[in-house]
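Chain and residue survey
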Amino acid sequence: AVVSTQSTGRINVLGDITLFPAHITKALAQLQLQTLDNSEFFLNLCLAYTTRDEITHSVECMAQGVVAGDLRVTDINETLMDQCMYSEDLPPVDMLLRTSGEVRLSDFMIWQANFAALQFVKVLWPDFGFWHLIGSLLDFQRHEPLISQNRATYKPFLQRMTRAELSAVAHTEHCTLSSHEDCHFNEAISEAYIETHRMRTENFVNNLKAERRKLLENCAEITVAGA
């Protein structure tokens, strides 16, 4: 697979590309590697993908991190889960559009679409045209203020909840005395624990990204029979 050197877009494949025949796996890996440093726009392809598989994969990554000693069980939370998904660095879904008239999500990007506007259009995908898109976008505009408000409210709530959970863990680990009054726990101890958590999870995520890039490089070097 060869991408023009003038291309400024990045191609991401969300899913397990190793499930494809070797020549397809190789081509998909090469496309992603060749466009890895581009950032003007992104083309995200969900191939060999389901949300169940994505969540299972994310949980497996974190479990392996705990076994290897790179993570602690108490490090696992919604934020880390999000960073372990196939979509890792991508923004959340704003609008999820389903064609064909089927009113179901079919296990598609359910994690990322928690605040998305859902559109179900009674037209098959090959017939989906400009005016169908305009209608969907106009309908999205009606919901966008509420979606933005909910996201703006949820983000600080999640941050406060995470800090409270980590502080509780720090308190439990520090105060091993039988009498709570004798425990000299303070804010500095809590902040130090939160910082070590941040550094530990950041290192884990960086290593995970490096492993995924290595997998792409290995897939890009696959020898295809008859090629």
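Read on for a plain summary of the structure. (Residues numbered from 1 in each chain as written. Predicted model: local features only at pLDDT ≥ 70, side-chain atom pairs only at ≥ 80, totals over all residues. Heavy atoms only, no water.)

Topic: the overall build of the protein chain
- Counting its regular elements, the protein chain contains five helices and four strands.
- For 227 residues, the compact-globule estimate of 2.2 N^0.38 gives 17 Å, and the C-alpha radius of gyration of the protein chain, at 22 Å, exceeds that figure by more than 25%.
- Seen through its C-alpha atoms, the protein chain measures out along the principal axes to roughly 70 × 50 × 30 Å.
- For the protein chain, buried positions account for 30% of its 227 residues.
- Counting every atom, the protein chain has about 14,400 Å² of accessible surface; 58% of that belongs to carbon and sulfur. (Helix = DSSP H or I, 4+ residues; strand = E, 2+ residues; numbered from the N terminus. Rg over C-alpha atoms; globule rule 2.2 N^0.38 Å. Buried < 20%, exposed > 50% of the residue type's maximum accessible area, 1.4 Å probe, protein only. Areas by Shrake-Rupley, 256 points an atom, 1.4 Å probe, with all protein chains shown as cover.)

Side note on the nonpolar core
- Of all hydrophobic cores here, the largest spans nine residues; its members are Cys 61, Met 62, Leu 71, Leu 80, Met 81, Cys 84, Phe 204, Val 205 and Leu 208.
- Ignoring sequence-local partners within four residues, the contact set of Phe 204 consists of Cys 61, Met 62, Gly 65, Asp 70, Leu 71, Leu 80 and Cys 84.
- One finds Leu 14, Tyr 49, Met 109 and Ala 113 within the second-largest nonpolar core, a separate group that totals eight residues. (Core = buried A, V, L, I, M, F, W, Y, C linked by side-chain atoms within 4.5 Å. Contact = heavy atoms within 4.5 Å.)

Quick word on the state of the cysteines
- Inspection of the entire model under this criterion finds zero disulfides.
- Cys 84 provides the cysteine sulfur closest to Cys 61, a residue in no disulfide bond, and the two sulfurs are 5.8 Å apart.
- Take Cys 84: its relative accessible area is 0%, and that puts it in the buried class. (Disulfide = S-S within 2.5 Å.)

Some words on the pattern of salt bridges
- A complete count under the given rule lists 12 salt bridges for this structure.
- Linking Asp 89 and Lys 209 is a salt bridge whose minimum nitrogen-to-oxygen distance equals 3.0 Å. With Asp 89 in the loop between α3 (78-84) and β3 (95-98) and Lys 209 in helix α5 (residues 187-220), this pair connects stretches of sequence that are 120 residues apart.
- Residue Asp 89 is classed as exposed on the basis of its relative accessible area, which comes to 53%.
- The partner of Arg 104 in a salt bridge is Glu 102, and the shortest N-O contact between them spans 3.2 Å.
- Using a relative accessible area of 44% as the deciding quantity, one classes Arg 104 as partly exposed.
- A relative accessible area of 34% places Glu 102 in the partly exposed class.
- Beyond isolated ion pairs, a larger network of salt bridges with shared partners links Arg 163, Glu 187 and Glu 191. (Salt bridge = Lys/Arg side-chain N within 4 Å of Asp/Glu carboxyl O.)

A short note on the packing of helix α1 (residues 22-34) against α5
- Look at α1 against α5: their axes get within 8 Å of each other, and the N-to-C directions meet at 130°. Between α1 and α5, the interaxial angle falls into the category oblique. Note on packing geometry: the crossing formed by α1 with α5 is left-handed. Residues Thr 25, Lys 26, Ala 29, Gln 30, Gln 32 and Leu 33 of α1 touch α5, and the partners they reach there are Arg 213, Leu 216, Glu 217, Cys 219 and Ala 220.
- Partitioned by chemical class, the residues of the contact of α1 with α5 number five nonpolar, three polar and three charged. (Axes fitted to C-alpha atoms, helices over the stretch in contact; angles between N-to-C directions. Parallel < 35°, antiparallel > 145°, perpendicular 65-115°, else oblique. Left-handed = near helix turned anticlockwise from the far one by under 90°. Nonpolar A, V, L, I, M, F, W, Y, C, P; charged D, E, K, R; others polar.)

Comments concerning the packing of helix α4 (residues 130-174) against α5
- Contact geometry for α4 and α5: axes closest at 9 Å, N-to-C directions at 115°. As far as their axial angle goes, α5 and α4 are roughly perpendicular. Regarding α4 and α5, the two cross each other, and that crossing is right-handed. Touching Arg 163, Leu 166, Ser 167, Val 169, Ala 170, Glu 173 and His 174 of α4 are Glu 187, Ile 189, Ser 190, Glu 191, Tyr 193, Ile 194 and His 197, all from α5.

A word on the environment of Arg 200
- By the secondary structure assignment, Arg 200 is in helix α5.
- For the pair Arg 200 and Ser 190, spaced 10 residues apart in sequence, the C-alpha separation works out to 15 Å.
- Apart from the residues within four sequence positions on either side, Arg 200 is in contact with Asp 70, Leu 71, Arg 72, Asp 75 and Tyr 193.

Quick look at a nonpolar patch on the surface
- On the surface, Val 103, Leu 118 and Phe 120 cluster together into a nonpolar patch covering about 270 Å² of accessible area.
- Its location among the elements puts Val 103 in the loop between β3 and β4 (117-120). (Patch = residues over 30% accessible without salt bridge, like charges linked within 9 Å, V, L, I, M, F, W, Y side chains within 5 Å.)

Focus on the packing of aromatic side chains
- Under the counting rule described, the total for this entry stands at six aromatic pairs.
- Cluster of aromatic residues (ring-pair linked, three or more members): Tyr 49, Tyr 86 and Phe 108. (Phe/Tyr/Trp six-rings, centres within 6.5 Å; stacked < 30°, edge-to-face > 60°.)

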